[in-house]
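# Reading the structure
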Amino acid sequence: MGLSESVRLALEGLRANKMRSLLTMLGIIIGIGAVIGILTVGNGLTGSITGSMSGLGASNIAVTLRAKDDDSGGMMSMMGMIDPEEDDLITDGMLDALRERYGDYIAGIAIGEPAGSGQAKNGRLYANVSLSGANVDLAEVNNLDLLAGRWIQEKDIGGRRSVCVVSDKLVNNMFAGSLDAALGSEVQIDRNGELLTFRIVGVYEYDASTMGYSMASEKDMSTAAYIPVSAAKHIAGASDGYSSLTVQAQPDADSAAVAQVVEDFLNYFYRNNKDYSVMTMAMSTMVESMSTIMNTLSIAISVIAGISLLVGGIGVMNIMLVSVTERTREIGTRKALGATNNDIRIQFVVESIIVCLIGGIIGIIVGTIMGYIGSTLISEPSYPTIGYISLAVGFSMAIGVFFGYYPANKAAKLDPIEALRYE
């Protein structure tokens, strides 16, 4: 009996027992669907996270102070859980020396200084803001898109001018979306009861993918209002110097190599500091690490979900054993008519493979739909790759062979005389 005949008999058997066949496939459908769905959502989540991180600047390098007794791998520094003295901070002199020495490798140095949050008011109109000090390079390094006006300049920082660059969200709330009306206008910001007045010199476009998603409504959303870093330090009562900043490498430079150069150079100034040193991390390295972590997590969860495939395979074996018992007389008749043990074995293995293959295809369809819906919910629609689909189909066929061989071998070894006597 040829392979095509075995496939035809297998399909006829499935049609004759539709409900039993569907229940047999259920474990395979759930297993394959879960694995495909999880991997697809994982791809979407990885793309969303790495995309947001890359949007902050693929060539950016985070520079922070690190306590020498910090055993957390720098996490305390990254989370702002250190409290250095003024003498421990990175100074403008250090940064000027860095620019002078490695200006060919550095495109810019962004400095930020938080100065609290508050509410900008104009009569009954308002907008929630967080005051953030900025230097000249911050807009370029952080990929801020100016819609109108200008960015903060050196004369603003040197003169500690009360100027600000606000978001288009604030303009929508307080100036009916008119950029022309906003530019040059003065805005009062209530910072914990302290009224601060700034003149708007620029408007930037708010980008949720890089600035963080907010659960607040459009009207109540809080956005950054950038002011000169000198003004921010004066308002916050902060010391001169910086505990963190961002260096942007030149586009043609290896950001990881530049990060090491920056770290080594700045740590020369901290060679006699007993408490702190400087650590750097390239954004490209963080993106790669995050991608690796997310991929590993997706695979680990998929392996757990794949346990249902084992359950499904056992179900296939169980049904195939039942099928062998039900068709004992048929097997005896075929052997009496000249069918070899190998013919019988192939027939039942093919039937098992067909069951798993159909279940796998349905599982792929279910997993694709689940994965697309799940990835769409995180605003990163994704589909399973050809590799995932090929792996799922191959795995389904492997399950059919593995769990179908024992029942098939049992059928092949039946004695034809005893089989014909079976009632």
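Residues numbered from 1 in each chain as written. Predicted model: local features only at pLDDT ≥ 70, side-chain atom pairs only at ≥ 80, totals over all residues. Heavy atoms only, no water.

## A short note on the overall build of the protein
Across its full length, the protein holds 17 helices and 11 strands. By the burial criterion, 44% of the 423 residues in the protein qualify as buried. Pairs at least 24 apart in sequence give 77% of the contacts found in the protein among residues at least 6 apart. Carbon and sulfur atoms make up 58% of the accessible area of the protein, which totals about 21,300 Å². (Helix = DSSP H or I, 4+ residues; strand = E, 2+ residues; numbered from the N terminus. Buried < 20%, exposed > 50% of the residue type's maximum accessible area, 1.4 Å probe, protein only. Contact = heavy atoms within 4.5 Å. Areas by Shrake-Rupley, 256 points an atom, 1.4 Å probe, with all protein chains shown as cover.)

## Section: a negative patch on the surface
Negative charge collects at one region of the surface, where Asp69, Asp83, Glu85, Glu86, Asp87, Asp92, Asp240 and Asp275 lie side by side. A relative accessible area of 57% means that Glu85 is categorised as exposed. (Patch = residues over 30% accessible without salt bridge, like charges linked within 9 Å, V, L, I, M, F, W, Y side chains within 5 Å. Salt bridge = Lys/Arg side-chain N within 4 Å of Asp/Glu carboxyl O. Lys, Arg positive; Asp, Glu negative; His and termini not counted. Charge placed at Lys NZ, Arg CZ, Asp CG, Glu CD.)

## Let's talk about the sheet that holds strand β1 (residues 60-67)
Spatially, four strands are ordered β2-β10-β1-β11 in an open sheet, and the strand pairing comes out antiparallel. Across the chains shown, the open sheet's two edge strands, defined by having one partner strand only, are β2 (106-110) and β11 (276-282). For this sheet, the mean angle separating the axes of adjacent strands, direction not counted, is 25°. In terms of strand pairing, β2 meets strand β10 (residues 244-249) through four bridges, oriented antiparallel. Each bridged residue has a counterpart across the sheet, and for Gly108 the counterpart in β10 is Gln248. (Pairing = 2+ DSSP bridges. Axes fitted to C-alpha atoms, helices over the stretch in contact; angles between N-to-C directions.)

## Here's the deal with the environment of Val229
Along the chain, the position of Val229 falls in helix α10 (residues 229-236). Classification of Val229 as buried rests on a relative accessible area of 7%. Placed 72 residues apart in sequence, Val229 and Ile157 show a C-alpha to C-alpha distance of 6.4 Å. The contacts of Val229, once residues within four sequence positions are left out, are Ile111, Glu113, Gly133, Ala134, Asn135, Ile157 and Tyr242.

## Quick notes on the packing of aromatic side chains
A full pass over the atoms with the stated rule returns eight aromatic pairs. Judged by centre distance (5.4 Å) and plane angle (65°), the rings of Tyr204 and Tyr226 are edge-to-face. One end of the pair, Tyr204, is in strand β8 (residues 194-204); the other, Tyr226, is in strand β9 (residues 222-228), with 22 residues separating them in the sequence. For the pair formed by Tyr204 and Tyr226, the shared burial category is buried. What links up through ring pairs into an aromatic cluster is the set Tyr102, Tyr105, Phe265, Tyr268 and Phe269. (Phe/Tyr/Trp six-rings, centres within 6.5 Å; stacked < 30°, edge-to-face > 60°.)

## Some remarks on unusual backbone geometry
With a phi close to 60°, Asn143 is a non-glycine residue in the positive phi region. Examined against the element boundaries, Asn143 turns out to sit in the loop between α5 (138-141) and β5 (146-149). Judged by its relative accessible area of 46%, Asn143 is partly exposed. A positive phi is found at Arg160, a non-glycine position, where the angle reads about 50°. Mapped onto the elements of the fold, Arg160 is located in the loop between α6 (154-158) and β6 (163-167).

## A closer look at the pattern of salt bridges
Tallied over the full model, the rule gives seven salt bridges. Put simply, Asp137 and Arg99 hold a salt bridge, and the shortest N to O gap is 3.7 Å. Of this pair, Asp137 sits in the loop between β4 (125-134) and α5 while Arg99 sits in helix α4 (residues 92-102); the two residues are 38 residues apart in sequence, bridging distant segments of the chain. Residue Arg99 is classed as partly exposed on the basis of its relative accessible area, which comes to 32%. Taking the shortest distance from any N to any O, the salt bridge between Asp156 and Arg150 comes out at 2.7 Å. Each of the salt bridges in this network shares a partner with another, and the network as a whole consists of Asp96, Arg99 and Asp137.

## Quick look at the pairing of β6
The element β6 is extensively covered by neighbouring structure, given that five of its five residues are classed as buried. Here five bridges tie β6 to β8, and the two strands are oriented parallel to one another. Looking at the pairing, Val163 lines up with Arg199 of β8.

## Concerning the packing of helix α12 (residues 283-305) against helix α13 (residues 307-326)
Across the interface, α12 lies against α13 with an axial gap of 4 Å and an inter-helix angle of 25°. On the basis of their axis angle, the class for α12 and α13 is roughly parallel. Between α12 and α13, the contacting residues are Val303, Ile304 and Ala305 on the first element and Ile307, Ser308 and Leu309 on the second. Tallied by class, the residues present in the contact of α12 with α13 amount to five nonpolar, one polar and no charged. (Parallel < 35°, antiparallel > 145°, perpendicular 65-115°, else oblique. Nonpolar A, V, L, I, M, F, W, Y, C, P; charged D, E, K, R; others polar.)

## Considering the side chain of Asn128
Here Asn128 shows up in strand β4. Here the side chain of Asn128 touches Gln119 through a polar contact of 3.1 Å, side chain to side chain. Setting aside chain neighbours within four positions, we find Asn128 in contact with Gly118, Gln119, Asp220, Met221, Ser222 and Thr223. (Polar contact = N/O pair within 3.5 Å; in protein donor to acceptor, adjacent residues only side chain to side chain.)

## Regarding α10
Considered for burial, the residues of α10 that qualify are Val229, Ala231, Ala232, Lys233 and Ile235. Of the surrounding elements, those touching the buried residues of α10 are β3 (112-122), β4, α6, β7 (186-191), β8 and β9. Looking one or two places after α10, you find Gly237, whose phi comes out positive at around 65°.

## Overview of the confidence of the model for the protein
Overall, the prediction assigns the protein a mean pLDDT of 83, with 89% of residues at 70 or greater. Ranking the elements of the protein by mean pLDDT puts helix α3 (residues 75-78) last, at 54, and β6 first, at 95. (pLDDT = per-residue confidence, 0-100.)

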